[in-house]
Amino acid sequence: MHCAEEYTNFFNEVDADGSGSLTLDELSVTLGKKGYKDTDIKNLFSAADDSGDGKVTLDEFLVCMGAAPPKQHKGATFRRVARSCDLDGNGVLDASEIRQCLADSNFHYTEQELAGKMKELDHDGNGKVSYEEFIKEVFGVDS
């Protein structure tokens, strides 16, 4: 098993531009030289890019590689669930996405019940639910 220090060193080597995050191109160059297939590299990158922003931070990388504390793993898992509900990929959940996510999980709400659920979830009242708001209300944890 590798330690967090080894993964951090690898991350820093791959981070060619020193931005503090990895792009798919940066990861592809390094892992391609080590014999990894493009599809494997893309799958690894997708698994590591917990925020879905097209970049992998050191924290995301450590979680993916299993070198992060259990709390980070739990948060990453919950964020993946939230991201899977984000049908348009804009980083927040609206009422229709939450309705679909709940229906996919066998929870069915009337429009009135959904409106009440949205009020519970949408702490800042902007009509959208951030992944963090969703995780806190649905799973009862701060991620």
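The rules we used
Residues numbered from 1 in each chain as written. Predicted model: local features only at pLDDT ≥ 70, side-chain atom pairs only at ≥ 80, totals over all residues. Heavy atoms only, no water. Axes fitted to C-alpha atoms, helices over the stretch in contact; angles between N-to-C directions. Helix = DSSP H or I, 4+ residues; strand = E, 2+ residues; numbered from the N terminus. Parallel < 35°, antiparallel > 145°, perpendicular 65-115°, else oblique. Left-handed = near helix turned anticlockwise from the far one by under 90°. Contact = heavy atoms within 4.5 Å. Nonpolar A, V, L, I, M, F, W, Y, C, P; charged D, E, K, R; others polar. Salt bridge = Lys/Arg side-chain N within 4 Å of Asp/Glu carboxyl O. Buried < 20%, exposed > 50% of the residue type's maximum accessible area, 1.4 Å probe, protein only. Arc of directions from axis to C-beta. Disulfide = S-S within 2.5 Å. Core = buried A, V, L, I, M, F, W, Y, C linked by side-chain atoms within 4.5 Å.

**Student:** It is not clear to me how the packing of helix 2 (residues 24–33) against helix 3 (residues 38–48) should be interpreted in this structure. Could you clarify?
**Tutor:** Between two packed helices, the angle of one axis relative to the other and the distance separating the axes together describe the packing. Between helix 2 and helix 3, the least distance of the axes is 10 Å, while the angle of their chain directions is 135°. Taken together, helix 2 and helix 3 sit at an angle that is classed as oblique. Considering how the two elements wind past one another, helix 2 and helix 3 form a crossing that is right-handed. Contact with helix 2, carried on its side by Leu24, Leu27, Ser28, Leu31 and Gly32, involves Ile41, Lys42, Leu44 and Phe45 of helix 3 and no other residues of that element. Its residues placed into classes, the contact of helix 2 with helix 3 shows six nonpolar, two polar and one charged.

**Student:** Honestly, the pattern of salt bridges in this entry has me stumped. Any pointers?
**Tutor:** Should their charged atoms come close, side chains of opposite charge can pair. This model, assessed by the stated rule, comprises three salt bridges. With a shortest N-O distance of 3.1 Å, Glu111 and Arg99 are connected by a salt bridge. Residue Glu111 is found in helix 7 (residues 111–121), and its partner Arg99 is found in helix 6 (residues 95–104); the two are separated by 12 residues along the sequence. Judged by its relative accessible area of 53%, Glu111 is exposed. We note a salt bridge from Glu120 to Lys117, for which the minimum N-O separation is 3.4 Å.

**Student:** What is the right way to read helix 7 from this model?
**Tutor:** Counting along an α-helix, one turn takes 3.6 residues, and residues three or four places apart therefore face a common direction. Of the positions making up helix 7, those classed as buried are Leu114, Met118 and Leu121. One side of helix 7 holds all its buried residues, which, seen down the axis, span an arc of 65°. When the buried face of helix 7 is taken as reference, the exposed residues oriented beyond 90 degrees from it are Gln112 and Lys119. The inward-facing, buried residues of helix 7 contact helix 6, strand 4 (129–130) and helix 8 (131–139).

**Student:** Would you take a moment to explain the state of the cysteines for this structure?
**Tutor:** What is meant by a disulfide is a covalent connection between two cysteines, made through their sulfur atoms. By the definition in use, this model includes one disulfide. Disulfide pairing places Cys85 opposite Cys101 at an S-S distance of 2.0 Å. Highlighted residues: Cys85 in helix 5 (residues 70–85) and Cys101 in helix 6, separated in sequence by 16 residues. Judged by its relative accessible area of 14%, Cys101 is buried.

**Student:** What is the right way to look at the packing of helix 6 against helix 7 in this model?
**Tutor:** Relative to each other, helix 6 and helix 7 sit at 110°, their axes nearing to 10 Å. When the interaxial angle is binned, helix 6 and helix 7 end up roughly perpendicular. Contact residues: helix 6 offers Ala95, Ile98 and Arg99, while helix 7 offers Glu111, Leu114, Met118 and Leu121. In the contact of helix 6 with helix 7, the residues fall into five nonpolar, no polar and two charged.

**Student:** I'm lost on the environment of Lys33 in this one. Help?
**Tutor:** Assignment of secondary structure puts Lys33 in helix 2. Between the C-alpha atoms of Lys33 and Val56, which are 23 residues apart in sequence, the distance is 19 Å.

**Student:** Just to check I follow, could you spell out the nonpolar core for this structure?
**Tutor:** For soluble globular proteins, the rule of thumb is that nonpolar side chains tend to be buried together. Among the nonpolar cores identified, the biggest contains 13 residues, and Phe10, Val14, Leu22, Leu27, Leu31, Val56 and Phe61 are the most heavily contacted of them. Broken down by secondary-structure element, the contributors of at least two residues to this core are helix 1 (4–14), helix 2, helix 3 and helix 4 (58–64). Element by element, the count of residues in this core is highest for helix 1, at four residues. Setting aside its immediate chain neighbours within four residues, Leu27 contacts Phe10, Val14, Leu22, Gly32, Ile41, Leu44 and Phe45.

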